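Here is how the chains run, residue by residue.
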Amino acid sequence: MNVFRILGDISHLLAIIILLLKIHRSKSCAGISGKSQILFALVFTTRYLDLFTTFISAYNTVMKVIFLICAYVTVYMIYVRFRKTFDSENDSFRLEFLLVPVTGLAFLENHSFTPLEILWTFSIYLESVAILPQLFMISKTGEAETITTHYLFFLGLYRALYIANWVWRYHTEKFYDQIAVVSGVVQTIFYCDFFYLYVTKVLKGKKLSLPMPV
């Protein structure tokens, strides 16, 4: 395991902690896409089924369990504990537009046609687009709270660090996973505009705002 992988995991965990603290302290999930969080919970569930079949390391197991717990706690806080603050009107992205093609692609393009492998591949493809409902929600409302932008920044940083991790692994181990790399690059591309706005606005103390869709 190299430093890029560890930093990527830390960035990912930090993003989730920021989101949970935001909801807990404000007692509100306003501005947070519940649909994106459902997709992330589905990503972790389908990817980490190997917890029951394969032991890699204590670090690997602990991180998987933490991500699973945090994902479901987030969904619980949005749809149960603070459901009255949930903005369902603006969280209107249709999930079937993502789930149907991702499911089909997982069956068509995978490393081996076995249940666990197909579910793992499904999770990789789904993670690459899981943030779209959140970005769609921001574009629909025209703005995002600063703490929400911090969450998105560290989530995007996690993907960027994982790309560095794959480059390092290819350089040192000649290991290359085309499915993971291509999906990770696609996911990072979705964050590019946001990264630009984060640096030019949020880091300068301004509120992130977008043109309202016509």
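Residues numbered from 1 in each chain as written. Predicted model: local features only at pLDDT ≥ 70, side-chain atom pairs only at ≥ 80, totals over all residues. Heavy atoms only, no water.

Visitor: Please clarify how the overall build of the protein chain should be interpreted in this entry.
Guide: When you go through the protein chain residue by residue, the secondary structure sums to eight helices and two strands. Order of helices (α) and strands (β) in the protein chain, N terminus to C terminus: α-α-α-α-α-α-β-α-α-β. Whereas a compact globule of 214 residues would reach a radius of gyration of roughly 17 Å, the protein chain reaches 17 Å, a difference of no more than 12%. If one aligns the C-alpha atoms of the protein chain with their principal axes, the spans along those axes are about 45 × 35 × 35 Å. (Helix = DSSP H or I, 4+ residues; strand = E, 2+ residues; numbered from the N terminus. Rg over C-alpha atoms; globule rule 2.2 N^0.38 Å.)

Visitor: In this structure, what is going on with the pattern of salt bridges? I would like to understand it.
Guide: Side-chain pairs of opposite charge can arise whenever the charged atoms involved come near each other. Counted according to the given criterion, the structure contains seven salt bridges. A salt bridge links Arg5 to Asp9; the nearest nitrogen and oxygen atoms lie 3.4 Å apart. You can see Arg5 and its partner Asp9 sitting in helix α1 (residues 3–26), four residues apart, about one turn around the helix. Judged by its relative accessible area of 23%, Arg5 falls in the partly exposed class. A salt bridge links Glu173 to Arg169, with the shortest nitrogen-to-oxygen separation between them at 3.3 Å. Taken as a pair, Glu173 and Arg169 lie in helix α7 (residues 146–173) at a separation of four residues, close to a single helical turn. Judged by its relative accessible area of 46%, Glu173 falls in the partly exposed class. Several salt bridges share partner residues, and in doing so they unite Arg47, Glu127 and Arg159 into one network. (Salt bridge = Lys/Arg side-chain N within 4 Å of Asp/Glu carboxyl O. Buried < 20%, exposed > 50% of the residue type's maximum accessible area, 1.4 Å probe, protein only.)

Visitor: In this structure, what is going on with unusual backbone geometry? I would like to understand it.
Guide: Excluding glycine, most residues fall at negative phi; most peptide bonds, likewise, are trans. At Lys27, a position not held by glycine, the phi torsion is positive, near 55 degrees. Summarising the element assignment, Lys27 is placed in the loop between α1 and α2 (34–47).

Visitor: So what exactly am I meant to see when it comes to the nonpolar core here?
Guide: Looking at soluble globular proteins, one finds that nonpolar side chains tend to be buried together. Counting residues in hydrophobic clusters, the biggest one holds 55 residues, and the most contacted among them are Phe44, Tyr151 and Leu155. Broken down by secondary-structure element, the contributors of at least two residues to this core are α1, α2, α3 (58–81), α4 (96–108), α5 (115–129), α6 (132–141), α7 and α8 (178–200). Take this core: its biggest share by element is eight residues, from α3. Setting aside residues up to four positions removed in sequence, Leu155 forms contacts with His12, Ala15, Phe40, Ile131 and Tyr191. (Core = buried A, V, L, I, M, F, W, Y, C linked by side-chain atoms within 4.5 Å. Contact = heavy atoms within 4.5 Å.)

Visitor: Which parts of the structure should I look at to understand the UniProt feature "transmembrane region" (unreviewed entry) in the protein chain?
Guide: According to UniProt, the positions carrying the feature "transmembrane region" (unreviewed entry) are residues 65–82, 118–138, 150–168 and 180–199. In this annotation, residues 65–82 is assigned 94% helix and 0% strand; the end-to-end C-alpha distance for the span is 24 Å. (UniProt positions renumbered as here; feature names shortened; annotations may be inferred.)

Visitor: It is not clear to me how the packing of aromatic side chains should be interpreted in this structure. Could you clarify?
Guide: To describe a pair of aromatic rings, one takes the distance between the centres and the angle between the planes. Scanning all chains against the criterion turns up nine aromatic pairs. On the basis of an interplanar angle of 55 degrees and a centroid distance of 6.1 Å, the ring pair of Phe107 and Phe113 is categorised as tilted. For Phe107, a relative accessible area of 43% corresponds to the partly exposed category. Grouped by ring-pair contacts, the aromatic residues Phe44, Tyr48 and Phe67 constitute a single cluster. (Phe/Tyr/Trp six-rings, centres within 6.5 Å; stacked < 30°, edge-to-face > 60°.)

Visitor: Help me out: how do you make sense of α5 in this one?
Guide: Residues spaced three or four apart along an α-helix face the same direction, because each turn holds 3.6 residues. Helix length check: α5 (15 residues) gives 22 Å between terminal C-alpha atoms against 21 Å at 1.5 Å per residue, within 8%. Within α5, 11 of the 15 residues are buried, which leaves it mostly tucked inside the rest of the structure. Within α5 the residues assigned to the buried category are Glu117, Ile118, Thr121, Phe122, Ser123, Ile124, Tyr125, Leu126, Glu127, Ser128 and Val129. On its buried face, α5 sits against α1, α2, α4, α6, α7 and α8. (Expected span 1.5 Å × (residues − 1).)

Visitor: Would you explain the packing of α1 against α3 in this entry?
Guide: Working note: a packed helix pair is described by the angle between its axes plus the distance between those axes. At a closest axis distance of 11 Å, the pairing of α1 and α3 adopts a crossing angle of 25 degrees. In this view, α1 runs roughly parallel relative to α3, as classed from their interaxial angle. The element α1 and its partner α3 pack so that their crossing is left-handed. Residues Arg5, Ile6, Asp9, His12, Leu13, Ile16, Leu19, Leu20, Ile23 and His24 of α1 pack against Tyr59, Asn60, Met63, Ile66, Phe67, Cys70, Val73, Thr74, Met77 and Ile78 of α3. (Axes fitted to C-alpha atoms, helices over the stretch in contact; angles between N-to-C directions. Parallel < 35°, antiparallel > 145°, perpendicular 65-115°, else oblique. Left-handed = near helix turned anticlockwise from the far one by under 90°.)

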